[in-house]
Amino acid sequence: MPADTTVSTTRVGLLGCGDIAARRTLPALLRVPGAELAAVAARDPARAAAFGARFDAPAAASYEELLARTDIDAVYLCLPTLLHARWAEKALRAGKHVLVEKPLAASGADAERLFRLAGERGLVLLENFMFLHHGTQRQVAALLKSGALGEIRAVSAAFTIPPRPAGDQRLDPRLGGGALLDNGVYPLRAALRFLGTGLTVAGASLRDSREHGVDLSGAALLTAPGGAVAQIRFGMEHHYRSWYEIQGSQGTLSVDHVYTTAPGHAPVIRLGEGTEQREITVPAEDHFEAVWRFLAAAVRGEETVRPGLRLLSAESVAQAGLLDTVRDAAVRVPV
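*Asks:* What am I meant to see in the pairing of strand β8 (residues 215-223) here?
*Replies:* For a regular strand, side chains alternate in direction, first toward one face of the sheet and then toward the other. When strand β7 (residues 200-208) meets β8, the two strands line up antiparallel, connected through 8 bridges. Residue valine 201 lies in a different strand from β8, and its bridge partner there is leucine 222. Counting the residues between successive antiparallel strands, the hairpin from β7 to β8 contains 6 residues, one of them, glycine 213, with a positive phi of roughly 75 degrees. As consecutive antiparallel partners, β8 and strand β9 (residues 229-235) are separated by 5 residues, and within that stretch glycine 227 has a phi angle of approximately 100 degrees, a positive value.

*Asks:* When you look at the packing of helix α1 (residues 19-30) against helix α2 (residues 45-55) in this model, what are you seeing that I'm missing?
*Replies:* In a packed pair of helices, the relevant descriptors are the angle between the two axes and the axis-to-axis distance. Packing of α1 against α2 leaves a shortest axis separation of 11 Å and a crossing angle of 35 degrees. The chirality of how α1 crosses α2 is right-handed. In this structure, α1 contributes Asp19, Ala21, Ala22, Leu26, Pro27 and Leu30 to the contact, and α2 contributes Arg47, Phe51, Arg54 and Phe55. In terms of residue class, the contact of α1 with α2 is made up of 7 nonpolar, no polar and 3 charged.

*Asks:* I keep staring at the confidence of the model for the protein chain and nothing clicks. Help me out?
*Replies:* The predicted coordinates ought not to be read in detail in places where the model reports low pLDDT. On average, residues of the protein chain carry a pLDDT of 94, and 98% of them reach 70 or more. This model gives residues 1-7 a pLDDT under 50, and the stretch forms 15 contacts once residues within four places in sequence are excluded.

*Asks:* Just to check I follow, could you spell out helix α8 (residues 287-299) for this structure?
*Replies:* For the α-helix, the turn length of 3.6 residues means that residues three or four positions removed from each other point alike. Here α8 contains 13 residues, and its C-alpha end-to-end distance of 18 Å stays within 8% of the 18 Å for a straight helix at 1.5 Å per residue. The buried count for α8 comes to 12 of 13 residues, which makes it a mostly enclosed element. Taken residue by residue, α8 has His287, Phe288, Glu289, Ala290, Val291, Trp292, Phe294, Leu295, Ala296, Ala297, Ala298 and Val299 as its buried positions. For α8, the secondary structure elements touched by its buried residues are β1 (10-15), α1, β3 (74-77), β4 (97-101), β5 (125-128) and α9 (306-329). Directly beyond the C-terminal end of α8, a positive phi value near 80 degrees is found at glycine 301.

Calculation rules
Residues numbered from 1 in each chain as written. Predicted model: local features only at pLDDT ≥ 70, side-chain atom pairs only at ≥ 80, totals over all residues. Heavy atoms only, no water. Pairing = 2+ DSSP bridges. Helix = DSSP H or I, 4+ residues; strand = E, 2+ residues; numbered from the N terminus. Axes fitted to C-alpha atoms, helices over the stretch in contact; angles between N-to-C directions. Left-handed = near helix turned anticlockwise from the far one by under 90°. Contact = heavy atoms within 4.5 Å. Nonpolar A, V, L, I, M, F, W, Y, C, P; charged D, E, K, R; others polar. pLDDT = per-residue confidence, 0-100. Expected span 1.5 Å × (residues − 1). Buried < 20%, exposed > 50% of the residue type's maximum accessible area, 1.4 Å probe, protein only.

Now the structure itself:
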């Protein structure tokens, strides 16, 4: 079913009443002109009813009922990781555009299949990496395009968080838990953005929890076709770190608090060119709102977002394939 590019307001249905939806994603949606919340659904009808009351939207009796509604243009999937691919496919087959929490898929084959289906049906499929829509990324892209760093030689990136409490779904292998899928995808995505989608895995390591059956942390070394490298670290047994650095032949830049930037935080890009050091402050921005603006523009078929959408889709497919390879290549250390 082809996308309806005449819709002026994107009507969104929520599948899965997760914490991130309540705290950040839905409040941001309600602040964005051109998008509105049309209905919500959860496994627990009472939870869906409470969400609906909180955000002034009707609650559907089931996920299937929500997908069958004709007053919904797009679906936001806020479900456990291992359910993402299944319900993204169901939503696409129901003729809905899809915004899905990361990672879209746990395997490269699933990601390729889903993007092929979206393309066949003329629908938008977007993986929700908010940091890619923040003004920080536009500023960094402009600096790279200007040649401020020269040729990119290396990317280093890390996203680590403190240990999770008992019962956290990130510690449950049945729900797609583990650090690689939860926070490892962020530095991996940064590497793809700066070095391109042709990366290969040169080596990897994962610390596996005997107690929980998921990886608690890890690292990977990636190589680009031209020889540039990316070193990424991730984990959920660390001091908090959310950072990347790009090193070129003529300069280096780095940004802290880059993956989960608070809406009131003005990020600082630290740029070194030769012996000169300077700081570039990026205006504060809510990247949750930025994602909704991008999705609404994509659903309307606006030409300005099509190049970005193509890039994001290619990165999502490459990322899912690299997750397969990291798992296969990793030296596993049981702890």
